[in-house]
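Notes for the structure review
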Number of protein chains: 2
Amino acid sequence: MSNTSHLERVAIDLGDRSYSILIGEQLLDAASTWADLPKASAALIVTNDTVGPIYAERLQAALAPLYKQVHTVALPDGESHKDWQTLNLIFDELLGKGADRKTVLFALGGGVVGDMTGFAAACYMRGVPFVQVPTTLLAQVDSSVGGKTAINHPIGKNMIGAFYQPQRVVCDLDTLQTLPQREMSAGLAEVIKYGPIADMQFLDWIDANLDALLARDPKALAHAVKRSCEIKAWVVGQDEREGGIRAILNFGHTFGHAIEAGLGFGEWLHGEAVGCGMVMASHLSQRLGLVDEAFVSRFTALIERAGLPIVGPKLGADVYLHHMRVDKKAEAGEIKFVLIDKPGTAIVRGAPDALVAQVIDGCCEK
Amino acid sequence: MSNTSHLERVAIDLGDRSYSILIGEQLLDAASTWADLPKASAALIVTNDTVGPIYAERLQAALAPLYKQVHTVALPDGESHKDWQTLNLIFDELLGKGADRKTVLFALGGGVVGDMTGFAAACYMRGVPFVQVPTTLLAQVDSSVGGKTAINHPIGKNMIGAFYQPQRVVCDLDTLQTLPQREMSAGLAEVIKYGPIADMQFLDWIDANLDALLARDPKALAHAVKRSCEIKAWVVGQDEREGGIRAILNFGHTFGHAIEAGLGFGEWLHGEAVGCGMVMASHLSQRLGLVDEAFVSRFTALIERAGLPIVGPKLGADVYLHHMRVDKKAEAGEIKFVLIDKPGTAIVRGAPDALVAQVIDGCCEK
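An unreviewed UniProt entry lists chain A under the name 3-dehydroquinate synthase, with Limnohabitans curvus as the source organism. Within the UniProt record for chain A, the comment given under Pathway (unreviewed entry) is "Metabolic intermediate biosynthesis; chorismate biosynthesis; chorismate from D-erythrose 4-phosphate and phosphoenolpyruvate: step 2/7." Turning to chain A, the UniProt record has this under Catalytic activity (unreviewed entry): "7-phospho-2-dehydro-3-deoxy-D-arabino-heptonate = 3-dehydroquinate + phosphate".

Shown next, in the form of structure tokens:
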């Protein structure tokens, strides 16, 4: 790398499944970014038809010295394609090219590409190595880190998947410069998330630097990505398979999943649904006496300033409750909410349906 | 259990993924068989439309005291249904019934049911517990033990799957009494396999007791299942994810997969293809100077006496080689064969294409 001064490294400590997150500028083309990955004769870059045309050739060139063959497959873009049919395009490409079980997969794109590539890597010949190369803010701060992979089922989001860790995560901040503004905001939802669940100082920093983040100031982005990954690494390192504390990372996601499922996946961006879901979850926290109104107001204002929706779609409380009951955190039909216990600390608990319905009614379009 | 004298237990030692194989008669209805499994509010029995009508109700009755809800889904029977479409029937049932991520799956049937249920359990909400209840000899001695789960892809067998260990394996020997003779023979192929790769004394025992096994003598079956599971447990305990020694369990499988893929999956039973494949692999071992002709003759005669094919279908050597190159053991296009180094010991190595072609031509229909 010509300029290593901007390179940050965050370690995910999971025993023999440990790996590094590299965060910096100009990482994509640098040989050192790809050094010491598992040896193989072939690599497959999995991308989509939006990101592929911009970055796939550069990644292919960077990987060419390391693998005899570097193939690329571009999936159709969007959450609505996060299904078995599209996943199968990856398997078709691998088997069509005679890829063996040392073949390394590279996920070049956002959360959908990362989730699908990771799940394909988990399943192909019962497991091949893969590398995350997230090109959206959401993927850099959240979905590419921690080994959650999945596809959607018509009845529920991310219902079919695996815990499967990548060999490395490469967050090239330059790729965020080509991101549509709507996706920047969606990514900021997951950045903001880390504040109330783990680090209120970080929330203060986001509040103070939100304009710089929205303007994609590299220094601000570097800190936001790094601190987000550190918090995620700290949580995942304690609970890889979400038996306990890891569930706090789903703050806003229970309500958010209901919005996505209720409207049909892909209507709202995942980050938008999470942003609005966090507003609902903070209202529920307040109704349960866990946080005060000042917190909810300040937090809602921040979500709004980030360009995210703070009012939910009018689906009716019953529809929300129905979708939340098939959430993966639900147990025997009881919905488990991630709530803010006091600002900076999250808890996972149930809540009376009637109270939840009031929150939904209060937070949705009239 | 009214009669515990026939109960054998084999331990699979894999750290926090360890479990027991129970082998005996009258296990299906006994409460003690199902004691101390993970607690849950719901269970799903996955079976097929052949085995289900015979045993599903009995298993449902045995599990009823343990789970509030016990559902059953019967898949279409046969290797040709070991695909995504059929797998999705399991997910549809789970999501349709609102099954949460503590739900326990029970695989009631042969190898196909076990592989598919295991893979569904590995993927549903990124992993739910499952129990193997194998009702075929092949599944009891091989496929239900060791955590290999998968579905087929049109281009290759078991190409999409996971290493995912069950909570328990319950081998009720009584279920073998309803097995068609062709499937008994297919199961014996995997029993016989353990001799040349690991234990020639066991091969001698099989030779001496083959008539009793074919007549389904419970005592003979108990010993065959137990010794097979012990050898498999010993191998899998050293190499859960097939980085090395575990590959020896694929003796006969490289040629066998080519037969299955070449004829179309389901034409020959898996065990039949493995039986014939072991004959081919022993011929290749002889050509490479590893075993003598006496071994090959004796071994071939035993395969034939077990009711298994010893002559391969006439597909042409090129077709065999093509299918073997997409075998999971192949690396960068080089086929890796499991061969008998000396009787009782296996090795994994390559062989010249020309020599392999000679073996194929010599072992196939003219």
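Read on for the rest.
Residue and element names in this part refer to chain A. Strand order in the open sheet made by the seven strands is S1-S2-S9-S6-S5-S3-S4, with mixed pairing throughout. Edge strands, defined here as strands with exactly one partner in the open sheet, are strand S1 (8-12) and strand S4 (69-75). Going across the sheet, the axis of each strand differs from the next one's by a mean of 15°, ignoring polarity. Examined bridge by bridge, strand S6 (residues 130-134) and strand S9 (residues 168-172) share two bridges and lie parallel to one another. By the bridge assignment for S9, Gln 132 is matched with Val 169. The sheet contacts of helix H2 (residues 84-96) involve strand S3 (42-48), S4 and strand S5 (104-109), and relative to S4 the element is tilted by about 160°. The strands touched by helix H3 (residues 111-123) are S3, S4, S5 and S6; relative to S5, the strand with the most contacts, the crossing angle is about 170°.

A word on the UniProt feature "domain: 3-dehydroquinate synthase C-terminal" (unreviewed entry) in chain A. Feature annotation in UniProt places "domain: 3-dehydroquinate synthase C-terminal" (unreviewed entry) on residues 187-330 of chain A, given in this structure's numbering. A distance of 26 Å separates the end C-alpha atoms of residues 187-330 of chain A, which is 69% helix and 0% strand.

Okay, the packing of helix H6 (residues 200-214) of chain B against helix H7 (residues 218-238) of chain B next. Helix packing geometry: the angle between the two helix axes and the distance between the axes. All names here are of chain B. Between H6 and H7, the least distance of the axes is 10 Å, while the angle of their chain directions is 145°. Crossing angle aside, the handedness with which H6 passes H7 is left-handed. Residue-level inspection shows Phe 202, Trp 205, Ala 212 and Leu 213 of H6 in contact with H7, the latter providing Ala 220, Leu 221, His 223, Ala 224, Arg 227, Ser 228 and Ile 231. For the contact of H6 with H7, the residue count by class is eight nonpolar, two polar and one charged.

Here we come to helix H6 (residues 200-214) of chain A. Residues and elements named next belong to chain A. Counted at 1.5 Å a residue, the expected span for H6 with its 15 residues is 21 Å, and the 20 Å between its end C-alpha atoms agrees. At Ala 208, H6 shows its maximal bend, which comes to roughly 55°. Taken together, the buried positions of H6 are Met 200, Phe 202, Leu 203, Ile 206, Leu 210 and Leu 213. Structurally, H6 contributes buried residues whose contacts are with helix H5 (181-198), helix H7 (218-238) and helix H10 (293-305). Measuring from the side-chain oxygen of the N-cap residue of H6 to the backbone nitrogen of Gln 201 gives 3.1 Å; that N-cap residue is Asp 199. Of the residues trailing H6, Arg 216 is marked for its positive phi of about 60°.

A few words now on the sheet that holds strand S2 (residues 19-24) of chain B. Residues and elements named next belong to chain B. With respect to topology, seven strands assemble into an open sheet ordered S1-S2-S9-S6-S5-S3-S4, the strand pairing being mixed. Two strands lie at the open edges of the sheet, namely strand S1 (8-12) and strand S4 (69-75), each paired on one side alone. Looking at each pair of strands side by side, their axes are set apart by 15° on average, direction ignored. As judged from the four bridges shared by strand S3 (residues 42-48) and strand S5 (residues 104-109), these two strands associate in the parallel manner. Note that in S5 the partner of Leu 44 across the bridge is Leu 105. With respect to the sheet, helix H2 (residues 84-96) is in contact with S3, S4 and S5, its orientation differing from that of S4 by roughly 160°.

Another aspect to go through is the pattern of salt bridges. Taken as a whole, this structure holds 50 salt bridges over all chains when the rule is applied. Lys226(A) is the salt-bridge partner of Glu8(A), the closest N and O atoms lying 3.6 Å from each other. Linking Glu8(A) in strand S1 with Lys226(A) in helix H7, this pair joins segments that are 218 residues apart in sequence. In this structure Glu8(A) comes out as partly exposed when scored by relative accessible area, which is 29%. Take Lys226(A): its relative accessible area is 24%, and that puts it in the partly exposed class. A salt bridge links Glu242(B) to Arg101(A); the shortest N-O distance between them is 3.2 Å.

Turning to the UniProt feature "binding site: Zn(2+)" (unreviewed entry) in chain A, a few remarks are in order. All names here are of chain A. According to UniProt, the "binding site: Zn(2+)" (unreviewed entry) feature falls on Glu 190, His 253 and His 270. Taken together, the annotated residues stretch across 81 residues yet fold into one region, lying no more than 10.1 Å apart by C-alpha. Relative to the helices and strands, His 253 resides in helix H8 (residues 253-263). Residues in contact with His 253, not counting those within four places in the same chain, are Glu 190, Lys 193, His 270 and Val 274.

Analysis parameters
- Residues numbered from 1 in each chain as written.
- Chains lettered and ligands numbered in written order.
- Predicted model: local features only at pLDDT ≥ 70, side-chain atom pairs only at ≥ 80, totals over all residues.
- Heavy atoms only, no water.
- UniProt positions renumbered as here; feature names shortened; annotations may be inferred.
- Pairing = 2+ DSSP bridges.
- Helix = DSSP H or I, 4+ residues; strand = E, 2+ residues; numbered from the N terminus.
- Axes fitted to C-alpha atoms, helices over the stretch in contact; angles between N-to-C directions.
- Contact = heavy atoms within 4.5 Å.
- Left-handed = near helix turned anticlockwise from the far one by under 90°.
- Nonpolar A, V, L, I, M, F, W, Y, C, P; charged D, E, K, R; others polar.
- Expected span 1.5 Å × (residues − 1).
- Bend = angle between axes of the 7 residues up to and from the residue.
- Buried < 20%, exposed > 50% of the residue type's maximum accessible area, 1.4 Å probe, protein only.
- Polar contact = N/O pair within 3.5 Å; in protein donor to acceptor, adjacent residues only side chain to side chain.
- Salt bridge = Lys/Arg side-chain N within 4 Å of Asp/Glu carboxyl O.

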